[in-house]
Amino acid sequence: MPELLYRCPVTGQELSLGISVDADTFEKAEFDYRTIVCSKCGQQHEWTKEDVYLQVPPEVDRRTREKKQGPDERFSGR
Ligand SMILES: [Zn+2]
């Protein structure tokens, strides 16, 4: 099952939130503000659903992003 990832705003590095969730559940889930003590920079960050994303294999990831975001400049060539 994919894990939720968060990108540290200080270091720009990804870290796992230690939460495994499948894509369907994540789509439907609602998250309150939560906090994480960041293993990258040592600070505490607040996060919501919009700040996190699922770790998925690259191929699936590409399709998911395309579907989710719809047309944007990265896909305008097609
Ligand atoms: Zn951090």
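Per chain, residue numbering runs from 1 following the sequence as it is written. Thresholds applied to this predicted model are a pLDDT of at least 70 for local features of residues and 80 or more for the giving and counting of side-chain atom pairs; totals over whole chains, interfaces and linings are not thresholded and use all residues.

**Here's the deal with the overall build of the protein chain**
Here is step 1: Assigned secondary structure in the protein chain consists of 2 helices and 5 strands.
Here is step 2: Comment: elements are numbered from the N terminus, with helices defined as DSSP H or I runs of at least four residues and strands as E runs of at least two. N-terminal to C-terminal, the α/β element order of the protein chain is β-β-α-β-β-β-α.
Here is step 3: As a rule, residues whose C-beta atom has 12 or fewer other C-beta atoms within 10 Å are exposed, those with 20 or more are buried, and those in between are partly exposed; C-beta atoms are placed from the backbone. In the protein chain, which comprises 78 residues, the proportion classed as buried is 4%.
Here is step 4: By the convention adopted here, residues make contact when the C-beta atoms placed from their backbones lie within 7 Å. A fraction of 42% describes how many contacts in the protein chain between residues 6 or more apart in sequence connect residues 24 or more apart.

**Quick notes on the environment of Met1**
Here is step 1: With respect to the secondary-structure elements, Met1 resides in the segment before strand S1 (3–7).
Here is step 2: Separated by 19 residues in sequence, Met1 and Ser20 have C-alpha atoms that sit 5.9 Å apart.
Here is step 3: Those residues in contact with Met1 that sit more than four places away from it in its chain are Ser20, Val21 and Asp22.

**Observations regarding the pairing of strand S3 (residues 34–37)**
Here is step 1: The sheet contact formed by S3 and strand S4 (residues 44–47) spans 4 bridges and is antiparallel. Bridge pairing in S4 places Arg34 opposite Trp47. Should DSSP find at least two bridges between two strands, the strands are taken to pair.

**Focus on the environment of Leu17**
Here is step 1: Inspection of the secondary structure puts Leu17 in strand S2 (residues 14–20).
Here is step 2: Between the C-alpha atoms of Leu17 and Leu5, which are 12 residues apart in sequence, the distance is 5.8 Å.
Here is step 3: Every residue in contact with Leu17, bar those within four places of it in the chain, is listed here: Leu4, Leu5, Tyr6, Ile36 and Val52.

**Points about the environment of Cys38**
Here is step 1: Its location among the elements puts Cys38 in the loop between S3 and S4.
Here is step 2: Considered as a pair, Cys38 and Leu15 are 23 residues apart in the sequence and their alpha carbons are 7.8 Å apart.
Here is step 3: When sequence neighbours within four positions are dropped, the list of residues in contact with Cys38 reads Cys8, Leu15, Gln43 and His45.

**A look at the sheet that holds S2**
Here is step 1: With respect to topology, 3 strands assemble into an open sheet ordered S2-S1-S5, the strand pairing being antiparallel. The sheet terminates laterally at S2 and strand S5 (52–54), the two strands that pair on one side only. Shown here is a sheet whose adjacent strand axes are inclined to one another by a mean of 35 degrees, direction ignored.
Here is step 2: Bridging between S1 and S2 involves 4 bridges; their strand directions are antiparallel. Each residue of the ladder has a partner; that of Arg7, found in S2, is Glu14. Axis definition: a line fitted to C-alpha atoms, over the contacting stretch in the case of helices. Angles run 0 to 180 degrees between N-to-C directions.

Keep in mind that these numbers describe shape and distance, not what the molecule does.
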